[in-house]
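Structure at a glance
Residue-level listing of the chains:
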Amino acid sequence: MSSDPPRRLHVVTFGCQMSAADGDELARPLVERGLRVVGDADDADAIIVNTCTVRQHAEDRAVSLLGRLRPWKEARPERFLIVAGCAAERLGGWIQKRFPYVDLVVGAKSIEEYPSLLEEALDKRFEWTKDDWDRDERRRPETTGPAAFVTIMRGCNYSCTYCIVPAVRGRELYRPFDVILNEARARVAAGASELMLLGQTVNSYRAPDGRDFADLLRAVGALPGVARLRFMSPHPHYVGPRMIAAMAETPAVCPHLHLPLQSGSDAVLRRMRRNYAGAEYLDKVERLRRSIPGLAISTDVIAGFPGETESDLEDTLAALRRLDPTFTYCFKFSPREGTEAAELAQPVAEPVKEARLRRLLDLTEGLQRDHLERKVGTTVRILLEDERRGRTEDYFHAKLEAPSTPGTIVEAEVTGSVPQGLRTRLIGKNVLDMLASQP
Ligand code: SF4
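In this report, we go over the structure that sits alongside the text. (Residues numbered from 1 in each chain as written. Predicted model: local features only at pLDDT ≥ 70, side-chain atom pairs only at ≥ 80, totals over all residues. Heavy atoms only, no water.)

A short note on the packing of aromatic side chains
- For the structure on display, the rule yields ten aromatic pairs.
- Between the aromatic rings of Tyr162 and Phe305, the centroid separation amounts to 6.3 Å while the plane-to-plane angle is 85 degrees, which identifies the pairing as edge-to-face. Of the two residues, Tyr162 is situated in the loop between strand E7 (153-154) and helix H7 (165-169) and Phe305 in the loop between strand E12 (296-303) and helix H13 (310-323); the sequence distance between them amounts to 143 residues. Note on accessibility: Tyr162 and Phe305 belong to one class, buried.
- Taken together, the aromatic side chains of Trp94, Phe99 and Tyr101 make up a single cluster linked through ring pairs.
- Above the face of the Phe177 ring, Arg211 is positioned so that its terminal group lies 3.8 Å from the ring centre.
- In this structure, Arg391 packs its charged tip against the face of Tyr395, placed 3.8 Å from the ring centre. (Phe/Tyr/Trp six-rings, centres within 6.5 Å; stacked < 30°, edge-to-face > 60°. Helix = DSSP H or I, 4+ residues; strand = E, 2+ residues; numbered from the N terminus. Buried < 20%, exposed > 50% of the residue type's maximum accessible area, 1.4 Å probe, protein only. Lys NZ or Arg CZ within 6 Å of the ring centre and 35° of its normal.)

Listed below in structure tokens is the structure:
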């Protein structure tokens, strides 16, 4: 076996949780080859740039990073540079031409073939194969944080007019049920007690053997060691009685749901091609709340979609008041090249979009403040991501006054609120032990 120190890998991820989960998956074959993940690009022997294209800004940042990595690569040409993800899918050929020093470009649609593409690319490189690489010797158990992602599907069968995802990720592909359960078990064995199931429309999941998302929630939630279970992002169309019952009857499922609304106006929802009406969305939320007491709902809305009128905006504000979300991601519509919405007539002028975004923010930030204030004096359970910070079951950020043990679930009293989070005081430790001893 070589006595060289292990090579080092640096992963840069742009974008959402799906993208972060892909980053872990992209790193895995290299970690299995013995590379150690490091936080500093300068020290790295290999870098993965995991790109996102949902917003132009994320794509621009990734492209700019590739330009800045030229000196890193030129200093030691044997270093290995990988570009993956959604922008790699959209811009693949252009990236190879513009940045010829990139060693491997793997688009989001090819992620399943990534391990073999990587092996092929590394095997062509003398510097990466010349030593007596003993993979089994160098392989080390993977460790993970207290909360881990498990991707259950890829792609999307929808065609929302503002979204580039179907073009870059393709149609839905579901991972087999047992493969998901095995990955969930592996994440727990590596230290996670909270799992987040991921998919672009996660609740449309259907296993090749016919089992659906509700079956999956129940099965993952029943695995030993899964103290908390979440999922992202559900599509309102697939919120049905089976999913609601599975959420209500699976103790590990957390009482929080991020359910994108996008607009409260039916006319705008139709132009977005979202496949639900505002009233239908709110009716489903009511059914969820009836079945799951204390359920916190968060959401996304877009300001200034083409053709949006003042009255459409009023409909969105009214829907948000009824929804009463614990937090809301408010976006200003920005046309994405390659989407239908970029070509739609009646674009909303920039200052009008800005003003509408402000009105959405004013309302939703106020609703969030009210939620935070209502938590003061209550007892919450926090999964600690580090010594002081973590998330409550209903997905509020929480900070402890005094440090405790990362990775544990502690009980705390909420002593106050800060913008977007809770201040808390520890009152009980090791809730995980208590949960483990419950039948
Ligand atoms: S459901 Fe719509 S917004 Fe979500 S990924 Fe699919 S096309 Fe995009």
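Focus on the pattern of salt bridges
- Under the criterion given, the structure shown has 36 salt bridges.
- Among the ionic pairs, Arg175 bridges to Glu183, the shortest N-O distance being 2.7 Å. Of the two residues, Arg175 and Glu183, neither departs from the other in class, the shared state being buried.
- Glu310 is the partner of Arg359 in a salt bridge, and the nearest nitrogen-oxygen pair spans 3.1 Å. With Arg359 in helix H14 (residues 350-375) and Glu310 in helix H13, this residue pair connects regions lying 49 residues apart in the sequence.
- For Glu310, a relative accessible area of 41% gives the class partly exposed.
- Bridged by salt links that share partners, the residues Glu308, Glu310, Glu314, Arg356 and Arg359 form one connected network. (Salt bridge = Lys/Arg side-chain N within 4 Å of Asp/Glu carboxyl O.)

Focus on helix H2 (residues 56-68)
- Under the 1.5 Å per step criterion, the end-to-end length of H2 is 18 Å for 13 residues, consistent within 8% with the ideal 18 Å.
- Burial in H2 covers these residues: Ala58, Glu59, Ala62, Leu65 and Leu66. Each buried residue of H2 lies within a common arc of 125 degrees when the element is viewed along its axis, so the set occupies one face. The exposed residues of H2 that point more than 90 degrees off its buried face are His57 and Arg68.
- Taken together, the buried residues of H2 touch strand E1 (8-13), strand E3 (46-51), helix H3 (70-75), strand E4 (80-85) and helix H4 (86-98). (Expected span 1.5 Å × (residues − 1). Arc of directions from axis to C-beta. Contact = heavy atoms within 4.5 Å.)

Interpretation in functional terms is not warranted from these geometric data alone.
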